[in-house]
Structures are given as C-alpha cells and as structure tokens.
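Inside the fold
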Amino acid sequence: MIEEKIVKSIKLVKKGDQSAFEEIVEHFQGKVFAICFRMVGNKHEAEDIAQEAFIRAYINIQSYDENRKFATWLYRIATNLAIDRMRKKKPDYYLDAEIQGGEGLTLYSQIPDDNRLPEDEVESLETQSYIQKEIMALPAKYRSIIALRFIDELSLKEISEILEIPVGTVKTRIHRGREALRKKLRNV
C-alpha cells in the first residue's frame, strides 16, 4: 500500500508536481538519515548528507527506473554520498566525546530516554557509545555493510544493489565486518 503511494508520488514528480516529492521525503527521511548517521557518526553531517541525497534524487528522478524499488535507489544515493564524505574527511568527534563546558556530558546524554532507570540508561549509553565508536573504527567497506545490514535491516540483495557489488561480496564483507566487531566487542 505504501509502496503504491510512493510510486504514484514518483509519477507525479516526474510530471512536474514538486509537492508530491514532500510525501517521498516524509516517508524516507528517517531511514535515509539513519543510514547516513550510522556511516558518518555525526548528526549534522548525516543531516547534510541526507538532505543532499533527497536533492539528488529529486534532480535525477527522471533517471529512476520504476521497475526497481525506489528505496534501493534512494539508499544507494545516500550511501554513496556518505562514502564520499568519509573518504574526504575523518570524523571530527564521536557521540561519546565530551561537550565543551558540559561537565562530562556527551552527545549521547542529550538523547531522550524511554523512562528507564538512570543507572540502566547510563549503562546503555556507555554500551551504545562504545559500539558506535567501534563501528566507526571499522574500515569504510565494512562499516557501510554493517550499518545497512544490522541497523537498517536491509536484505543482502538490497545491499548488493545499493553498493553495486555482488551478493557474494556482501556476504563476505558482512562476515569479516562482524568478526572484526566481535573481536573488538569481546569485553562488552
């Protein structure tokens, strides 16, 4: 049902209806941001990359093949932009970095809780922070695969299409990335 609505919106955009693209952005913005954030580890950069991905999708909407999933096409744009950004620039800071003048506060501490006990929240934040740091330390080819597979829960075929690599290579990189993470996270 949602996919049909997206296809309708895409057809309207191709006919020149700019407002129809708003529905597309509303539907995909969370997922696109999540993909970008998991790859670059910086909220502001992820927002910039996600916005650029939507701009590129809008500009290039005529080249979108309606026989393929729109989500895969859009995620490929976002992933490629994030990979380009990672190649050009090393991250300035991680979410576990202290905020200046924040007396030990980190960006993780600014994320709202879900009514958990403070000690559980602290432990969870420390674990998340450590895992995010270790994911960010992986080589880019493993980092993008880990993010797409385990955080965004995409299929092997979807990842293959997004990254434009064979499914066998996706499987190998998932295995190697997972093994690298497992070694780093033994103490968690």
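Preceding block: the structure.
The following paragraphs examine the structure supplied in this document. These figures come from a predicted structure and were not determined experimentally. (Residues numbered from 1 in each chain as written. Predicted model: local features only at pLDDT ≥ 70, side-chain atom pairs only at ≥ 80, totals over all residues. Heavy atoms only, no water.)

A closer look at the overall build of the protein chain
Selection criterion: Counting from the N terminus, the helices are the DSSP runs of H or I reaching at least four residues and the strands are the DSSP runs of E reaching at least two. For every residue, the accessible area (1.4 Å probe, protein chains only) is compared with the maximum for its type, and the residue is labelled buried under 20%, exposed over 50%, or partly exposed between those bounds. Should any heavy atoms of two residues lie within 4.5 Å, those residues are considered in contact.
Within the protein chain one finds eight helices and zero strands. Overall, the protein chain shows an N-to-C arrangement of helices and strands of α-α-α-α-α-α-α-α. Within the span of the protein chain, comprising 188 residues, buried residues form 39% of the whole. Here the analysis covers contacts within the protein chain between residues at least 6 apart in sequence; of these, 60% occur between residues at least 24 apart.

With respect to the side chain of Glu 134
Within the element layout of this structure, Glu 134 appears in helix α5 (residues 118-137). What Glu 134 contacts, discounting residues up to four positions off in sequence, is Leu 181, Lys 184 and Leu 185.

Focus on unusual backbone geometry
Positioned with a positive phi, Glu 164 is a non-glycine residue whose angle comes to about 55°. Take Glu 164: it is sitting in the loop between α7 (156-163) and α8 (167-184). Judged by relative accessible area, Glu 164 falls into the exposed class, the value being 56%.

Comments concerning the pattern of salt bridges
Convention followed: By salt bridge we mean one thing: a side-chain nitrogen of Lys or Arg within 4 Å of a carboxyl oxygen of Asp or Glu.
All chains considered together, the criterion is met by 10 salt bridges. One salt bridge connects Arg 56 with Glu 52, and the closest N-O pair in it is separated by 2.9 Å. In this pair, Arg 56 and Glu 52 both sit in helix α3 (residues 43-59), four residues apart, roughly one turn of the helix. Take Glu 52: its relative accessible area is 30%, and that puts it in the partly exposed class. Salt-bridge contacts for Lys 157 lead to Glu 161; the nearest nitrogen and oxygen are separated by 2.6 Å. Here the residue Lys 157 and the residue Glu 161 both occupy positions in helix α7, the gap between them amounting to four residues, near one helical turn. In this structure Glu 161 comes out as buried when scored by relative accessible area, which is 16%. Shared partners join several salt bridges into a network, and the residues in it are Arg 68, Lys 157 and Glu 161.

Functional significance is not addressed by these values, which are geometric in nature.
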